[in-house]
Amino acid sequence: MARIELVGVAKRWGNTVAVEDMRTELEDREFVAILGPSGCGKSTTLFLLAGIYAPTEGEIRFDGVRVNEVEPKDRNVGIVFQSYALYPNMTVEQNIMFPLRFVSMEATEAQKQAREIAELVQIEKLLERRPGQLSGGQQQRVALARALIKKPNLLLLDEPLSNLDATLRLSMRSEIRRIQRELGVTTILVTHDQVEATTMADRIICMNDGRIEQIDTPENLYRRPNTTFVASFVGSPPINLVAGSIRESRFVAGERSFPLSGITETAEVWMGLRPELLAVADEGLPATVATIEPMGREILYGADSPLGFLRFLEAAPLPRFSFGDKVRLATVVENVLFFDGTDGGRIDGASLNEFS
Amino acid sequence: MTAAVQDWQSIARRSTRLRKINFVLLIGFLTIVSIPVLLPFFWVVVISFSARTGGVESAVLWKACSILVPAVFAYGGFHLAVKSVRRRLIAAGALIAASTAGLYLTVGDDLHLHNYRFLVNPNLVEELRGAATAGGQFPWVWVAFINSLVVAAISTLFKVTIATLSGYYLSRFAFRGRSSFLQGLLILEVFHPWMLTIPIFLVIFWIGLLNTLAGPILVLTVLDLPFFIFIMKGFFDAVPWDIEMSAMTDGATRRQAFRYVVLPQVRAGIIAISVLGFIKGWEEYVFVTALRTGNSYWVMSTYLYYVADDVMGVDYGLVAAVSVFYMAPSLLLYLFLQRHLTQLTFGGIKG
Ligand SMILES: Nc1ncnc2c1ncn2[C@@H]1O[C@H](COP(=O)(O)OP(=O)(O)OP(=O)(O)O)[C@@H](O)[C@H]1O
Ligand SMILES: [Mg+2]
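These numbers were taken from a predicted model, which means no experiment stands behind them.

1. Concerning the sheet that holds strand β6 (residues 77-80) of chain A
All names here are of chain A.
Step number 1: Pairing in this open sheet of six strands is mixed, and the strands run β6-β7-β8-β3-β9-β10 from one edge to the other. Pairing within the sheet leaves two strands with one partner each, and these edge strands are β6 and β10 (211-216). This sheet shows a mean twist of 15° between the axes of neighbouring strands, independent of strand direction.
Step number 2: Pairing between strand β9 (residues 203-208) and β10: five bridges, direction antiparallel. Bridging across to β10, N208 finds its partner in R211.
Step number 3: Packed onto the sheet, helix α1 (residues 42-50) meets β3 (31-35), β6, β7 (154-158), β8 (186-191) and β9 and runs at close to 155° relative to β7.

In structure tokens form, the structure reads like this:
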């Protein structure tokens with residue numbers, strides 16, 4: 001279908017910068033998620049790709065050809081808006097068939113295709129209704145069907161699952177993934193839900209403040225986050241970041257220090273400890289349990305330690321500790337991350353020798 | 001525990017009762033205030049069918065109204081109580097039949113169609129006075145009727161087209177001076193159009209449209225535009241932006257997106273301003289008289305005025321009949337489209 005390239009793309013309105021210096025490449029048939037907090041420029045990126053906005057700077061290429069000047073109607077892009085944007089004056093069937101009005105096709109053929117696509121997203125029983133008479137999940141499927149019917153080069157989904165309840169969201173996730181595989185269409189999914197991004201996408205573009213922080217597979221984003229932003233945005237509950245410095249091959253935070261290797265003297269660093277990799281052990285960092293949050297199958301504890309407040313996760317349905325309990329925390333030292341304190345970038349090759 | 005349950009029940013009962021009382025009071029109040037508004041209408045209708053040259057028989061008037069007014073209110077009550085369209089139609093039919101029978105029995109002998117002779121008699125005034133009056137060119141009513149129709153319809157067409165397009169533009173495109181333009185539109189509403197009669201007369205005179213129907217058509221169009229543009233902008237503001245963008249990614253041009261997706265959603269606004277615009281043109285008197293010298297053209301309002309002038313004190317019935325004929329189209333328009341007119345507030349408020 002299509003290979004997509006963004007080359008130094010920026011979009012500004014006067015002094016407001018929505019996105020800046022976007023550089024990336026999407027392989028044909030790839031499923032990519034754009035992940036980032038509210039207002040970071042995710043929708044803007046989609047609108048740039050759809051041609052609704054023209055980039056202030058840079059170039060957008062489809063299959064190697066510059067499309068900056070190509071009108072939205074000629075880009076053959078299917079888009080599902082955050083609000084679904086169904087046409088309230090038309091029935092579901094008319095909504096789905098709308099894109100076919102602009103290609104020469106016989107009415108019976110168009111109707112047949114609409115029926116097929118409606119079956120694909122399982123709304124074939126709702127064709128006569130109007131959007132106002134549909135539930136949120138049904139509207140979302142209609143929007144998806146309408147985006148898919150003209151066999152787009154590129155499918156853009158702007159937080160399509162944010163209005164659904166948890167169960168429906170789960171089933172729609174696998175549904176969308178299945179449809180995407182079946183049709184083999186290059187797809188970009190915008191979301192601020194990292195679970196959605198990690199479960200659905202081949203690769204994730206992590207954005208913050210109009211810039212790309214990292215483009216990587218879900219696993220790498222979690223294991224090797226490039227910046228403190230990615231480290232704290234990906235992974236739930238968020239990573240513990242401990243401020244400190246490196247002196248004489250030791251990470252120093254307050255009165256504590258830990259031996260490490262691979263980093264030279266650095267005035268300011270962050271040490272990143274994943275809550276799910278911190279565990280209670282016989283030996284380790286002394287801490288006092290301060291908060292207990294049962295999360296279903298797991299329990300999230302917060303503890304005061306010499307390194308400050310640390311969260312750790314225990315896979316148990318019932319709490320093992322209560323407020324004020326003294327525990328010792330240990331972690332796998334290879335998984336401890338270090339970031340530069342000034343620019344937030346990951347420091348490669350640093351490894352902790354001992355955590356206690 | 002039980003006490004609490006009983007409490008809830010009595011509270012619910014009390015609020016239901018209160019709601020009922022409020023509803024009845026409201027309906028009663030509206031009925032009473034509408035009587036002085038509606039009664040003259042009934043009178044005009046009854047007079048037009050019953051008066052003979054020389055005066056109005058007031059006994060006929062009261063008798064007829066005592067049948068018609070209850071019939072109308074009975075229908076109103078029924079309309080509120082019953083939701084099904086078929087039943088409403090049946091009720092309306094039954095009430096019409098009943099009041100026709102009632103009228104026939106009480107005042108049947110006094111009813112006649114003589115006052116409506118102007119519809120078929122092109123030489124009405126000559127017959128009345130034995131000579132042509134009002135400059136000798138007093139026309140047949142259908143000429144005035146067609147002219148009024150032309151003025152109202154063409155000015156409405158202009159108003160609606162321009163207001164819709166500019167409302168869309170004002171709603172969608174941020175251009176320099178948009179807010180001052182909108183403020184300017186509102187300021188125009190401050191001036192009463194009659195204050196502008198003389199300058200308008202001069203302008204129309206200079207461009208050579210005096211004594212043509214084009215004069216009032218243009219003036220009426222321009223006078224209503226600011227308000228109508230404002231209304232339409234409000235309606236377009238209420239149409240989500242992404243629906244339009246969605247249409248464009250679906251393959252529509254901007255114009256097609258407007259036509260297929262945006263326009264159907266402002267239908268209520270277009271119907272509303274069409275009705276208002278049409279009625280304004282239909283009722284216009286000041287500018288149609290100001291922009292003609294002599295009797296170059298006639299419209300319904302001038303026709304009614306001159307009929308009243310010519311026969312004043314002689315033939316109330318004729319004046320009443322012309323009035324009924326004159327107001328029938330606006331009334332029908334209102335009746336058929338009032339459901340759309342009530343939506344005006346929703347769209348308009350957002351402007
Ligand atoms: N038309 C516009 N004019 C000016 N600024 C805009 C416009 N559209 C977006 N912005 C700004 O650009 C930035 C990015 O907006 P965008 O809608 O892309 O965010 P987002 O990542 O989609 O957020 P959300 O998750 O809340 O949908 C925001 O700061 C926003 O205020
Ligand atoms: Mg968005």
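That was the structure; now back to the text.
2. Things to note about the coordination of the magnesium ion (ligand 2)
All names here are of chain A.
Step number 1: Distances from the magnesium ion (ligand 2) to its protein donors, S43 (OG) and Q82 (OE1), fall within 1.9 to 2.7 Å. With S43 in helix α1 and Q82 in the loop between β6 and α2 (92-97), this pair connects stretches of sequence that are 39 residues apart.
Step number 2: For S43, a relative accessible area of 22% corresponds to the partly exposed category.
Step number 3: Residue class for Q82 comes out partly exposed when judged on its relative accessible area of 36%.

3. Describing the domain arrangement of chain B
Step number 1: Domains assigned within chain B are domain 1 (2-112) and domain 2 (124-341).
Step number 2: Inter-centroid distance (C-alpha atoms) of domain 1 of chain B to domain 2 of chain B is 33 Å.

4. Notes on the state of the cysteines
All names here are of chain A.
Step number 1: Within this structure, the stated rule accounts for zero disulfides over all chains.
Step number 2: In this structure C40 is a free cysteine whose sulfur lies 8.1 Å from that of C206, the closest cysteine sulfur available.
Step number 3: The buried category is assigned to C40, whose relative accessible area is 2%.

5. Observations regarding the sheet that holds strand β19 (residues 337-340) of chain A
All names here are of chain A.
Step number 1: Taken in spatial order, the six strands line up as β19-β14-β11-β12-β13-β20 in an open sheet, and their pairing is antiparallel. A strand with exactly one partner marks an edge of an open sheet, and here the two such strands are β19 and β20 (351-352).
Step number 2: Pairing between strand β11 (residues 240-247) and strand β14 (residues 266-273): six bridges, direction antiparallel. What sits directly across from I246, in β14, is T266.

6. Quick look at the pairing of β14(A)
Each regular strand shows side chains that alternate between the opposite faces of the sheet.
Step number 1: In the sheet, β14(A) pairs with β19(A) via four bridges, with the strands oriented antiparallel. Within β19(A), the residue paired with W270(A) across the bridge is F339(A).

7. As for the site of ligand 1
Residue and element names in this part refer to chain A.
Step number 1: The local shell around ligand 1 holds 13 residues, among which S38, G39, K42, S43 and T44 are the closest.
Step number 2: Contacts to ligand 1 include S38, whose side-chain N or O atom sits 2.5 Å from an oxygen atom.
Step number 3: Contact with the protein chains covers 65% of the free accessible surface of ligand 1, which is 640 Å².
Step number 4: Here the element with the most residues in the shell around ligand 1 is α1; it accounts for three residues.
Step number 5: Looking at the shell around ligand 1, its residues break down into four nonpolar, seven polar and two charged.

8. Quick notes on the domain arrangement of chain A
Reports of interface size often rely on the accessible area that becomes lost once the parts have come together.
All names here are of chain A.
Step number 1: Looking at the assigned domains, one finds that chain A contains domain 1 (4-229) and domain 2 (238-352).
Step number 2: For domain 1 and domain 2, the distance between their C-alpha centres works out to 38 Å.
Step number 3: Each side of the interface is counted separately: domain 1 has eight residues, and domain 2 has ten residues.
Step number 4: Buried surface at the junction of domain 1 and domain 2, summed over both partners, amounts to about 780 Å²; 47% is from carbon and sulfur atoms.
Step number 5: Contact with domain 2 buries area across many residues of domain 1, yet Y222, P225 and T228 alone supply 63% of it, more than any other trio.
Step number 6: Taken together, the connections running from domain 1 to domain 2 amount to one salt bridge.
Step number 7: With its nearest N and O atoms 3.8 Å apart, the salt bridge here joins R224 to D348.

9. A few points about a negative patch on the surface
Step number 1: Residues E25(A), E27(A), D28(A) and D63(A) make up a contiguous surface patch of negative charge.
Step number 2: Positionally, E25(A) belongs in strand β2 (residues 16-26).

10. A few points about the side chain of R146(A)
Residues and elements named next belong to chain A.
Step number 1: Here R146 shows up in helix α4 (residues 136-148).
Step number 2: Here R146 falls in the buried class, since its relative accessible area comes to 1%.
Step number 3: Reaching out from R146, the side chain makes a polar contact with the backbone oxygen of A85 at a distance of 3.0 Å.

11. Quick notes on the packing of helix α2 (residues 58-81) of chain B against helix α3 (residues 85-107) of chain B
All names here are of chain B.
Step number 1: Here α2 crosses α3 at 170°, and the two axes come no closer than 10 Å. As summarised for this structure, α2 and α3 are arranged roughly antiparallel, according to the angle between their axes. Where α2 approaches α3, its residues V60, K63, A64, I67, L68, A71, A74, Y75, F78 and H79 are matched on the opposing element by R87, R88, A91, A92, L95, S99, G102, L103, T106 and V107.
Step number 2: Across the contact of α2 with α3, the residue classes tally to 13 nonpolar, four polar and three charged.

12. Section: unusual backbone geometry
A negative phi angle characterises most non-glycine residues, just as the trans form characterises most peptide bonds.
All names here are of chain A.
Step number 1: For the bond from S236 to P237, the omega torsion is -5°, close enough to zero to count as cis.
Step number 2: Within the secondary structure, P237 sits in the loop between α8 (228-233) and β11.
Step number 3: Look at R29: it is not a glycine, yet its phi comes out positive at around 65°.
Step number 4: With respect to the helices and strands, the residue R29 is situated in the loop between β2 and β3.
Step number 5: Residue D63 is not a glycine yet carries a positive backbone phi of 50°.
Step number 6: One can find D63 in the loop between β4 (57-62) and β5 (65-66).

Calculation notes
Residues numbered from 1 in each chain as written. Chains lettered and ligands numbered in written order. Predicted model: local features only at pLDDT ≥ 70, side-chain atom pairs only at ≥ 80, totals over all residues. Heavy atoms only, no water. Pairing = 2+ DSSP bridges. Helix = DSSP H or I, 4+ residues; strand = E, 2+ residues; numbered from the N terminus. Axes fitted to C-alpha atoms, helices over the stretch in contact; angles between N-to-C directions. Contact = heavy atoms within 4.5 Å. Donors = N, O, S within 2.8 Å, 3.2 Å for Na, K, Ca; no water. Buried < 20%, exposed > 50% of the residue type's maximum accessible area, 1.4 Å probe, protein only. Domains from an automatic or database assignment. Disulfide = S-S within 2.5 Å. Near = heavy atom within 4 Å. Polar contact = N/O pair within 3.5 Å; in protein donor to acceptor, adjacent residues only side chain to side chain. Areas by Shrake-Rupley, 256 points an atom, 1.4 Å probe, with all protein chains shown as cover. Nonpolar A, V, L, I, M, F, W, Y, C, P; charged D, E, K, R; others polar. Buried area = accessible area lost by both parts, 1.4 Å probe. Salt bridge = Lys/Arg side-chain N within 4 Å of Asp/Glu carboxyl O. Patch = residues over 30% accessible without salt bridge, like charges linked within 9 Å, V, L, I, M, F, W, Y side chains within 5 Å. Lys, Arg positive; Asp, Glu negative; His and termini not counted. Charge placed at Lys NZ, Arg CZ, Asp CG, Glu CD. Parallel < 35°, antiparallel > 145°, perpendicular 65-115°, else oblique.

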